[in-house]
Amino acid sequence: MLKGRIIFSMDEEIPQHVLLKISGYFHGIKIGYPLLLRKGIEGVKEILRKLEVDEIIMDLKLADIDNTMINIVKQLDFANSFIAHSFIGIDGALGELKNFLDNEGKKLYLLASMSHKGWNDEFYPYIKTVIKSLNPYGIVAPATKPNVLRIVRDDFPNKIIISPGVGAQGGKIGDALCNGADYEIIGRTIYTSSDPENKVKEIIKIQEEKINEC
Ligand code: C5P
């Protein structure tokens, strides 16, 4: 099955037979608080059990002291990757989290910027220093702000960049891939569609066309 450059953001439960049909098209699945709170850890594990994705990303946007963040990720052993806020800093927080995840063979993504309007990108110079010194596996940067996404790509040419804000939040499918993202994080556009399988196929086609053009 041809995989799209898609990380499916599953904030709502979708019927298991539909998920089984479409999961093969995704590089990864991103799970956030809404689904975790609704289904619980065992419920999420059950949903993920039969899926064929390369990466399960837990998006709790961690931003706490080291001990608390490590305590949280230990409980989410089904995930291979975790997203954390950069602003929380390194000593006593992200540094220890990164060491813990490295030892467990798991990946850390740091947020460079958020996709919503109210996020203040004036803090980016500080965030950039945190990302540079921590050297995480990947970075989250928004499809809704192409200029910011391009700056992040230029600053971090060798990092995996995953990009939310595609579809429901206004970013056009495929554009983030032309602006430096490796994968587009897409949620509502897929799970609120009346025909998620066709929607995913349509997204993959548009992504391919855009990549060929840029
Ligand atoms: O449904 P939609 O495609 O807008 O989902 C985007 C997902 O990406 C949501 O889970 C949201 O919490 C997350 N996200 C975001 N902006 C960021 C980081 C994560 O929208 N900067």
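As a reminder, the structure under discussion sits directly above these lines.
Below: a short report on this structure. Just so it is clear, the structure is predicted and the values come from calculations on it, not from any experiment. Per chain, residue numbering runs from 1 following the sequence as it is written. Given that the model is predicted, a residue must reach a pLDDT of at least 70 before its local features are reported, and side-chain atom pairs must reach 80 or more before they are shown or counted; all residues, however, enter totals for whole chains, interfaces and linings. Side-chain descriptors were evaluated using all non-hydrogen atoms of the structure, hydrogens and water having been removed beforehand.

Digging into the overall build of the chain
Okay, so step 1: Only DSSP runs of H or I with at least four residues qualify as helices, and only runs of E with at least two residues qualify as strands; both kinds are numbered from the N terminus onward. When its secondary structure is counted, the chain shows nine helices and eight strands.
Okay, so step 2: Its C-alpha atoms give the chain a radius of gyration of 17 Å, near enough to 17 Å, the size a compact globule of 214 residues would have.
Okay, so step 3: By principal-axis analysis of the C-alpha atoms, the chain measures approximately 45 × 40 × 30 Å.
Okay, so step 4: In the chain, which comprises 214 residues, the proportion classed as buried is 53%.
Okay, so step 5: Once local pairs closer than 6 in sequence are excluded, the contacts in the chain between residues at least 24 apart make up 60%.
Okay, so step 6: Computed by Shrake-Rupley with a 1.4 Å probe, the accessible areas treat only the displayed protein chains as cover when residues are assessed. Surface summary for the chain: the accessible area is close to 10100 Å², and the carbon and sulfur share equals 49%.
Okay, so step 7: Charge-centre separation for the chain: the mean point of 27 positive side chains lies 3 Å from the mean point of 29 negative side chains. The atom set for the radius of gyration is the C-alpha atoms, and the globule formula is 2.2 Å times the number of residues raised to the power 0.38. Buried, partly exposed and exposed residues are distinguished by accessible area as a fraction of the type maximum, computed with a 1.4 Å probe on protein chains only: under 20%, between the cut-offs, and over 50%, respectively. Only heavy atoms enter the contact rule, under which two residues are in contact if any of them lie within 4.5 Å. Positive charge is attributed to Lys and Arg, negative charge to Asp and Glu, and no charge count is given to His or to the chain ends. A charge is said to be at NZ when it belongs to Lys, at CZ for Arg, at CG for Asp and at CD for Glu.

Quick word on the state of the cysteines
Okay, so step 1: Any pair of cysteine sulfurs within 2.5 Å is marked as a disulfide. Scanning the entire structure with this criterion turns up one disulfide.
Okay, so step 2: Across the disulfide, C178 is cross-linked to C214 (sulfur-sulfur distance 2.3 Å). An S-S torsion of about -85° defines the bridge between C178 and C214 as left-handed. Taken together, the residues C178 in helix α7 (residues 175-178) and C214 in the segment after α9 (196-213) connect sequence positions 36 residues apart.
Okay, so step 3: The exposure class assigned to C178 is partly exposed, which follows from its relative accessible area of 30%.

Description of the packing of helix α5 (residues 124-134) against helix α6 (residues 146-155)
Okay, so step 1: Orientation is described by lines fitted to C-alpha atoms, with helices fitted over the stretch in contact, and by angles between N-to-C directions that extend from 0 to 180 degrees. Look at α5 against α6: their axes get within 12 Å of each other, and the N-to-C directions meet at 35°. Classified by chirality, the crossing of α6 by α5 is right-handed. Each of Y124, K128 and K132 in α5 lies in contact with α6, whose residues at this interface are I151, V152 and D155.
Okay, so step 2: When its residues are assigned to classes, the contact of α5 with α6 shows three nonpolar, no polar and three charged. Each crossing gets its hand from how the near helix is turned against the far one by less than a right angle, where anticlockwise is left-handed and clockwise is right-handed. By the convention adopted, Pro, Cys, Tyr, Trp, Phe, Met, Ile, Leu, Val and Ala count as nonpolar, Lys, Arg, Asp and Glu as charged, and the other residues, Gly among them, as polar.

What to know about the site of the ligand
Okay, so step 1: In the vicinity of the ligand, 16 residues are found, and the nearest of them are D11, K30, S115, G187 and R188.
Okay, so step 2: Polar contact is the term for a pair of N or O atoms within 3.5 Å; when the atoms are in protein, one must be able to donate a hydrogen and the other to accept it, and sequence-neighboring residues count only if both atoms are side-chain atoms. Side-chain polar atom of S115 to a nitrogen atom of the ligand: 2.7 Å apart, as the coordinates give it.
Okay, so step 3: About the coverage of the ligand: the protein hides 89% of its 470 Å² of free accessible area.
Okay, so step 4: Of the residues that constitute the shell around the ligand, the class distribution is six nonpolar, five polar and five charged. Nearness is judged by heavy atoms alone; a residue qualifies as near a molecule or strand once a single heavy atom is within 4 Å of it.

A look at the pairing of strand β8 (residues 183-186)
Regular strands show a simple pattern: their side chains alternate between the two faces of the sheet.
Okay, so step 1: Side-chain alternation along β8 places Y183 and I185 on one buried face and E184 and I186 on a second face that is also buried.
Okay, so step 2: In this description, strands pair whenever DSSP reports at least two bridges between them. Judged from the three bridges that link them, strand β1 (residues 6-10) and β8 form a sheet pairing that is parallel. Paired with I7 across the strands is I185, a residue of β8.
Okay, so step 3: Relative to β8, strand β7 (residues 160-163) is paired through two bridges, and the arrangement is parallel. Counted as the bridge partner of I162 is Y183 from β8.

As for the pattern of salt bridges
Okay, so step 1: Just to be clear on terms, a salt bridge is a Lys or Arg side-chain nitrogen sitting within 4 Å of an Asp or Glu carboxyl oxygen. Counted under the stated rule, the structure contains 17 salt bridges.
Okay, so step 2: For K21, the salt bridge is made with E197, and the minimal N-O distance between the two is 3.9 Å. Residue K21 is found in helix α1 (residues 16-22), and its partner E197 is found in helix α9; the two are separated by 176 residues along the sequence.
Okay, so step 3: Overall, K21 belongs to the partly exposed group, its relative accessible area being 48%.
Okay, so step 4: You can call E197 partly exposed: its relative accessible area is 22%.
Okay, so step 5: The salt bridge involving E42 is made with K45; its shortest N-O contact spans 3.7 Å. With E42 and K45 both in helix α2 (residues 33-48) and three residues apart, this pair spans about one turn of that helix.

Concerning the sheet that holds strand β6 (residues 138-140)
Strand pairing in a sheet relies on backbone hydrogen bonds, with the paired strands running either antiparallel or parallel.
Okay, so step 1: Strand order in the closed barrel made by the eight strands is β1-β2-β3-β4-β5-β6-β7-β8, with parallel pairing throughout. Within the sheet, the average angular offset between the axes of one strand and its neighbour, ignoring direction, is 25°.
Okay, so step 2: For β1 and strand β2 (residues 28-32), the ladder comprises four bridges, and the chain directions are parallel. Among the inter-strand pairings, S9 is bridged to a residue of β2, identified as K30.
Okay, so step 3: Lying on the sheet, α2 is in contact with β1, β2 and β3 (55-62); it crosses β2 at an angle near 135°.

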